[in-house]
Amino acid sequence: RDEAGDGAGWIVRLADITPLTAAMRQREQALQLLTHDMRSPQTSILALLATTPGLPSETSERLAAYARRTLALADGFVQLARAEVTQTAMEPVDLCDVAVEAIDELWPQCRQRHIEIRQEGCDGPMMALGDRGVLARALVNLIGNAVKYGPDGSTIVVRAATVLDGGRTYVDLSITDQGPGLTVEEAALAFRPFQRFDRPGAEAAGGAGLGLAFLQAAATRHGGGVSCLSTPGAGATFTLRLPEMPA
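Residues numbered from 1 in each chain as written. Predicted model: local features only at pLDDT ≥ 70, side-chain atom pairs only at ≥ 80, totals over all residues. Heavy atoms only, no water.

Caption draft 1: Here's a closer look at the environment of Gly150. Considering the arrangement of structural elements, one finds Gly150 in the loop between helix 5 (132-149) and strand 4 (155-165). The residues contacting Gly150, other than those within four sequence positions of it, are Arg113, Ile115 and Gly179. (Helix = DSSP H or I, 4+ residues; strand = E, 2+ residues; numbered from the N terminus. Contact = heavy atoms within 4.5 Å.)

Laid out in C-alpha cells, this is it:
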C-alpha cells in the first residue's frame, strides 16, 4: 500500500514443495513395503512351519515367534505412521461406546486368563469429536497392554470422567491395571516408539513397543494428550484426555 493506504501492488511468494512431495512419496513407498512386501514372506514362513512335519518343536516355535514379531513390528509402524499423518475424519463419538468396543475385542484374552475389566463413570454419553477407528485402535492398544502385563485373575478399571483444565472441559479415559508398574523415569519414556521395559513375561507378551506411541499420536491429532501415573509393584494408570464436544 502507498502512503495513503491505497493498494499499490501485490507481493507474491512462491514456495517450492518438491522436496516435501518427494518425502511424502518415499513415505508412501515405505508404508507399501511394510504392508505388503515385508508381511508376505513372514506369512509364508508361518504357513510353511504349520505344514512342514519333522521340524524340532523348539526350532519351529522360535521361528514362528520371530515371524510374528516381524509382523507386529510392520503392523505397528504402519498404524503409527498413519496416525501421525493421515487426515482424521472427525465426527461426534461417544468415548464410552468406543471403550466398550475395545473391551469386547479383548474379551477372549481376558476370559482365558480370568481377568475382569470393570467400567466406571459411563452413566451417560461422554462425547468428543474424533475419528472412531483411530480412537478404537488406540484404546485396544492401551487396554491390551493392561491385559498383557496384568496377573491372572486381576482386575482392570476403565474409568471415564470430565475435567476442567485451563478453562476448557476434557473427557479423561483412564485405564488402571494391577501389573508390575513403572518407575518415574520409565513412565516418562513410555510413549516413545519401540520403547519396551524388562518385565517378567515381557517376551511372552510380544508386541513391538509401538502401542503407546500410537496412543500419543492419536491423542495429539485430536487436540488431546496422554499421561502415565505409576508406582513399581502397584500397577499403573494410563489416561487419554480429549476435548469434550460442545453440547
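Caption draft 2: Representation of unusual backbone geometry. Even without glycine at this site, His114 takes up a positive phi of about 55°. Residue His114 is classed as exposed on the basis of its relative accessible area of 63%. (Buried < 20%, exposed > 50% of the residue type's maximum accessible area, 1.4 Å probe, protein only.)

Caption draft 3: Up close: the environment of Leu182. Note that Leu182 resides in the loop between strand 5 (168-176) and helix 6 (184-189). Sequence-wise, Leu182 and Asp97 are 85 residues apart; in three dimensions their C-alpha atoms are separated by 29 Å.

Caption draft 4: Broad picture of the packing of aromatic side chains. Applying the stated rule across the entire model yields one aromatic pair. Relative to Phe238, the ring of Phe191 lies with its centre 6.0 Å away and its plane at 80°, an arrangement referred to as edge-to-face. Here Phe238 lies in strand 7 (residues 236-243) and Phe191 lies in the loop between helix 6 and helix 7 (202-205), a separation of 47 residues in the sequence. By relative accessible area, Phe238 is classed as buried at 10%. Across from the ring centre of Tyr170, 5.8 Å away, lies the NZ or CZ of Arg241, which sits over that ring. (Phe/Tyr/Trp six-rings, centres within 6.5 Å; stacked < 30°, edge-to-face > 60°. Lys NZ or Arg CZ within 6 Å of the ring centre and 35° of its normal.)

Caption draft 5: Seen up close, the nonpolar core. By size, the foremost hydrophobic cluster in this structure holds 43 residues, and its most contacted members are Leu95, Ile117, Ile143 and Phe238. Mapped by element, the contributors of at least two residues to this core are helix 3 (95-105), helix 5, strand 4, strand 5, helix 8 (211-221) and strand 7. A per-element tally of this core places helix 5 first, with ten residues. Excluding residues that lie within four positions of it along the chain, Leu95 makes contacts with Met126, Ala128, Leu135, Val171, Leu173 and Leu242. (Core = buried A, V, L, I, M, F, W, Y, C linked by side-chain atoms within 4.5 Å.)

Caption draft 6: Up close: the pairing of strand 6 (residues 225-230). Sheet topology places strand 6 next to strand 7; six bridges connect them, and they run antiparallel. Bridge pairing in strand 7 places Leu229 opposite Thr237. Remark: five residues form the turn of the hairpin made by strand 6 and strand 7, two consecutive strands paired antiparallel; Gly233 in that turn has positive phi of roughly 85°. (Pairing = 2+ DSSP bridges.)

Caption draft 7: Structural detail: the packing of helix 3 against helix 5. Relative orientation of the contacting elements helix 3 and helix 5 amounts to 50°, with a least axis distance of 9 Å. When the interaxial angle is binned, helix 3 and helix 5 end up oblique. Where helix 3 crosses over helix 5, the two elements pack in a sense that is right-handed. Of the residues in helix 5, those touching helix 3 at Leu95, Asp97, Val98, Ala99, Glu101, Ala102, Ile103 and Glu105 are Arg132, Leu135, Ala136, Arg137, Leu139, Val140 and Ile143. By residue class, the composition of the contact of helix 3 with helix 5 is ten nonpolar, no polar and five charged. (Axes fitted to C-alpha atoms, helices over the stretch in contact; angles between N-to-C directions. Parallel < 35°, antiparallel > 145°, perpendicular 65-115°, else oblique. Left-handed = near helix turned anticlockwise from the far one by under 90°. Nonpolar A, V, L, I, M, F, W, Y, C, P; charged D, E, K, R; others polar.)

Everything listed here is a matter of coordinates, which is why it stays silent on function.
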